[in-house]
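Residue-level structure breakdown
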Amino acid sequence: MSRKDALTRRAMARAEITDAMTLDQKADALEDALSEELDVLVMPPGALAHPQFPVPRDDFPKSTVQMHREPRLPEMPPKPTLTDFFKLRWAPASHVLQSAALARKNGYGDRIVLACLLHDISVHGLIRTDHGYWTAQLMEPYVHPEVTFAIRYHQALRFFPDPDVGYEYPANYLKWFGEDYLAPDYIRRDYEYAKAHKWYMSARQVTMNDLYAFDPDTNPKIEEFEDIIAAEFNQPGEGLGFDQSPVAHMWRTMIWPNNFL
Ligand SMILES: [Fe+2]
Ligand SMILES: [Fe+2]
């Protein structure tokens, strides 16, 4: 049975349609039931929950509650690798792939190329807010600290020009945030901290290879970076999400973003 048929069948069971109903009443009851079933299927992650967050009732078929299954996303292998996440959760991830390809073309070392490859992964797979900090934390157990430094501080550095290396304030930011946008205090503080750090240039280089426009003509594939991943990413044997690292739960959240509990 297709998922659509299964959904319709559950809605029919839920709708409590009786012979006494008019055709209109039957249609309304079915529509309401379908809508309730759909609410459960598309239950948003907790961070995005709204006051009408649907709570399964006793009569809900178990299959409507998401627990360690995510029928709307491709299934992940039991021991997921970084490449599996690129292909099955973050695809197409064109922006980070293009940034890494540009860094490689510009002759940067493996660590900077890897930092570029990973720098916005939280945006692709977890959460947008404070994406540099989230992404750095996700990667911390698996890469050299210089890589996570570069990822974490690219978020602050992109708001501050560095004429010595030809980095200008992004024109898009003027358009998106307005001429008078001022980065908040914590971003200014972290910029000052990073500026005085020995790895300042690593974080700066991520911003220099950060592409602020999507280029439809370049389409690098994750396979092109397998040598760098093998050399610089410490893939856990148990698979990302199952290695008992302090961030394993964050990777599991990307595998199953809608578990009910
Ligand atoms: Fe970014
Ligand atoms: Fe970026």
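Summary of the structure given here.

1. Side note on the nonpolar core
Ranked by internal contacts, the top residues of the largest apolar core, which has 45 residues, are Ala100, Ala115, Cys116 and Ala150. Elements with a contribution of two residues or more to this core: α3 (82–88), α4 (94–105), α5 (110–118), α7 (131–139), α8 (145–157), α11 (200–208) and α13 (248–255). Not counting the four nearest positions on each side in its chain, Cys116 is found in contact with Val96, Ser99, Ala100, Ala103, Val206 and Asn209.

2. Description of the packing of α8 against α11
Between α8 and α11, the least distance of the axes is 7 Å, while the angle of their chain directions is 60 degrees. It follows from the interaxial angle that α8 and α11 lie oblique. Like other packed secondary-structure pairs, α8 and α11 cross with a definite hand, here right-handed. Contacts between α8 and α11 involve Glu146, Phe149, Ala150, Ile151, Tyr153, His154 and Leu157 on the former and, on the latter, Ser202, Ala203, Arg204, Val206 and Thr207.

3. A few points about unusual backbone geometry
Going from Ala91 to Pro92, the amide bond is cis rather than trans, its omega being 5 degrees. Assignment of secondary structure puts Pro92 in the loop between α3 and α4. Even without being glycine, Asp130 reaches a positive phi, approximately 50 degrees. One can find Asp130 in the loop between α6 (121–125) and α7.

4. Quick word on the environment of Arg69
In this fold, Arg69 is placed in the loop between α2 (23–41) and α3. Judged by local crowding, Arg69 falls into the partly exposed class, with 13 C-beta atoms found within 10 Å. With 190 residues separating them along the chain, Arg69 and Asn259 place their C-alpha atoms 7.7 Å apart.

The rules behind the values
- Residues numbered from 1 in each chain as written.
- Chains lettered and ligands numbered in written order.
- Predicted model: local features only at pLDDT ≥ 70, side-chain atom pairs only at ≥ 80, totals over all residues.
- Core = buried A, V, L, I, M, F, W, Y, C linked by C-beta atoms within 7 Å.
- Buried ≥ 20, exposed ≤ 12 C-beta atoms within 10 Å, placed from the backbone.
- Helix = DSSP H or I, 4+ residues; strand = E, 2+ residues; numbered from the N terminus.
- Contact = placed C-beta atoms within 7 Å.
- Axes fitted to C-alpha atoms, helices over the stretch in contact; angles between N-to-C directions.
- Parallel < 35°, antiparallel > 145°, perpendicular 65-115°, else oblique.
- Left-handed = near helix turned anticlockwise from the far one by under 90°.

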